[in-house]
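Residue-level listing of the chains:
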Amino acid sequence: MAFWNKEIETMPRAELEKLQLSLLKKNVRTMYDSSKFIHDRMKAAGVSPADVTDLKTFRKIPFMLKTDFRDNYPDKLFVKPYEELERLHVSSGTTGKPTVVGYTKKDLEIWAESLARGMVSFGMSNKDLIQNAHGYGLFTGGLGVHYAAEKIGATVLPASTGNTERQIQLMRDLPVTAFAGTPSYLFHIADVCDEKGIDIQRDTKLRMAIAGGEPWSESMRIKIQNRTGIRMHNCYGASEFYGPSFLECEKQSGLHAWADICYIEILDKNGDQCAEGERGEVVITMLQKEAFPLIRYKIMDISALVWEKCECGRTHPRLMRISGRTDDMLCVRGVNVFPSQVESVIGEIPFLSTFYHITLENKNYMDDMVVEVELNESSLKEDMTELLKRTRFVEDRLKNVLSISAKVKLVLPGTLKRFEGKSQHVTDNRRYDW
């Protein structure tokens with residue numbers, strides 16, 4: 001059984017919890033002294049660092065919410081000056097404002113350490129060549145996987161996203177043994193391989209993959225593994241943490257959430273701690289982040305936490321597969337999308353009414369997003385050329401805000417369904433049990 005940092009990865013639970021509390025106390029004190037946001041939030045709640053003596057008293061600290069990132073855009077949550085930062089990443093935000101995350105040198109090292117442990121836990125080593133099909137840019141996926149793989153000595157092929165035929169050619173021509181990308185993209189690659197008469201098991205050396213960035217089910221894992229022979233390992237993270245941060249080991253029985261890097265609470269609808277193994281809302285505190293504090297962050301995911309020692313020998317808690325959300329966030333082709341972002345774009349365009357509807361579909365295992373919007377009565381045109389120009393204009397504005405493409409359909413006034421109560425703006429027809 002291979003380990004990247006065996007002493008830490010197999011530390012007894014009692015020692016891990018003692019270490020967590022020590023790091024929590026230190027983190028709270030540091031953030032209270034250096035972050036005006038956290039200082040003011042704790043002071044308003046009547047909590048000081050001296051009050052945090054155990055995990056129970058730690059839970060008196062108020063939650064951080066997604067709206068906090070919008071309200072403190074772009075960098076008011078940073079607690080380190082730019083001269084101490086090594087990198088910035090930017091992800092989509094709730095109303096058009098992105099989330100900007102800063103990283104110190106230590107932040108980047110801890111991020112790579114977290115993923116390096118996970119990679120080794122499912123069998124990656126310096127003998128592997130990983131084809132990284134995550135994007136290299138403002139989002140965190142590409143560079144996160146890249147530096148972690150280099151940390152364990154693996155060879156990295158920075159293929160980035162898209163150009164499927166080239167991706168397949170690289171898999172065939174080079175001794176690629178591992179792949180990183182979204183599960184739906186791997187399904188798409190498998191389809192293209194079938195069309196071209198290429199057998200992944202016979203014609204490539206690919207045998208394992210890191211799959212994340214979008215919802216996917218256990219049945220989807222089984223189907224793609226049976227179809228391709230590639231062993232799929234789930235990945236979980238968010239730019240607010242570091243980026244993709246936690247992976248499954250070879251046992252594929254939950255994500256190893258390293259207790260020296262994060263502290264996870266699972267809370268019920270009343271805000272009380274769930275029993276071990278019981279599903280509830282995930283609340284994350286990062287224990288060693290320097291530039292961008294994250295204390296009791298309600299990420300809005302639903303999951304469960306299990307401390308039982310894994311069959312792989314690791315003793316850290318395992319986060320079970322995410323089963324849902326508590327907000328209206330949509331994950332489309334690996335990008336977080338909020339209906340409020342669409343609404344904000346529509347509100348800026350004078351020839352549109354306020355009525356819209358989003359429909360999501362899976363076609364060939366890839367997400368399609370269609371946005372229907374009503375024209376204003378005063379903006380009706382019989383000129384088809386003008387209508388096409390307006391459609392392209394709305395599509396371009398949405399792409400600028402959402403960072404993904406959406407198909408826009410401009411419809412006549414009164415076409416879309418009205419609701420007497422709360423409007424239902426989204427129809428999600430996607431299925432993840434292929």
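Residues numbered from 1 in each chain as written. Predicted model: local features only at pLDDT ≥ 70, side-chain atom pairs only at ≥ 80, totals over all residues. Heavy atoms only, no water.

Enquirer: Now, about the sheet that holds strand 12 (residues 297–303): what can you tell me, with residues and values included?
Expert: Read across the sheet, four strands follow the order 10-11-12-15 without closing on themselves; strand pairing throughout is antiparallel. Every interior strand has two partners, whereas the edge strands, strand 10 (262–267) and strand 15 (324–325), have only one. Bridging between strand 11 (residues 280–286) and strand 12 involves four bridges; their strand directions are antiparallel. Of the residues in strand 12, the one forming a bridge with Gly 280 is Ser 303. (Pairing = 2+ DSSP bridges. Helix = DSSP H or I, 4+ residues; strand = E, 2+ residues; numbered from the N terminus.)

Enquirer: Residue-level account of the sheet that holds strand 13 (residues 305–306), with values.
Expert: Strands in a sheet are paired, the pairing made by backbone hydrogen bonds, and the direction either parallel or antiparallel. The three strands are arranged 9-14-13 in an open sheet whose pairing can be described as antiparallel. Every other strand in the sheet has two partners, leaving strand 9 (255–256) and strand 13 as the edge strands with one partner each. Judged from the two bridges that link them, strand 9 and strand 14 (residues 318–319) form a sheet pairing that is antiparallel. Bridge pairing links His 256 to Arg 318 in strand 14.

Enquirer: Which residues make up unusual backbone geometry, and what values do they have?
Expert: Here the amide bond leading from Tyr 73 into Pro 74 is cis, since omega sits at -5 degrees, within 30 degrees of zero. By secondary structure assignment, the location of Pro 74 is in the loop between helix 5 (66–71) and strand 1 (87–91). Here Arg 296, not a glycine, exhibits a phi torsion of approximately 55 degrees, which is positive. Positionally, Arg 296 belongs in the loop between strand 11 and strand 12. Although it is not a glycine, Met 300 sits at a positive phi angle of roughly 80 degrees. Assignment of secondary structure puts Met 300 in strand 12.

Enquirer: Would you mind going over the packing of aromatic side chains in detail, with residue names and values included?
Expert: Given two aromatic rings, one states the distance between the centres and the angle between the planes to describe the pair. Applying the stated criterion across every chain, the model contains nine aromatic pairs. Ring plane angle 25 degrees and centroid distance 5.7 Å describe the contact between Phe 69 and Phe 292, whose orientation is recorded as stacked. With a gap of 223 residues between them, Phe 69 in helix 5 and Phe 292 in the loop between strand 11 and strand 12 connect regions that are remote in the sequence. In terms of burial, Phe 69 and Phe 292 fall into one category: buried. Seen in terms of ring centroids, Tyr 103 and Trp 111 are 5.4 Å apart; in terms of plane orientation they differ by 20 degrees. Their pairing is stacked. The structure contains a cluster of three or more aromatic residues connected by ring pairs, namely Phe 69, Phe 78, Tyr 82, Phe 292 and Tyr 297. Over the aromatic face of Phe 63 sits the side chain of Lys 298, whose NZ or CZ is 4.6 Å from the ring centroid. The ring of Phe 351 carries Arg 390 above its face, with NZ or CZ at 4.6 Å from the centroid. (Phe/Tyr/Trp six-rings, centres within 6.5 Å; stacked < 30°, edge-to-face > 60°. Buried < 20%, exposed > 50% of the residue type's maximum accessible area, 1.4 Å probe, protein only. Lys NZ or Arg CZ within 6 Å of the ring centre and 35° of its normal.)

Enquirer: Please give an account of the state of the cysteines that cites residues and values.
Expert: Going through the model one piece at a time under the given rule, you end up with zero disulfides. Free of any disulfide, Cys 310 has its nearest neighbouring cysteine sulfur in Cys 312, separated by 3.5 Å. By relative accessible area, which is 5% here, Cys 310 ends up buried. (Disulfide = S-S within 2.5 Å.)

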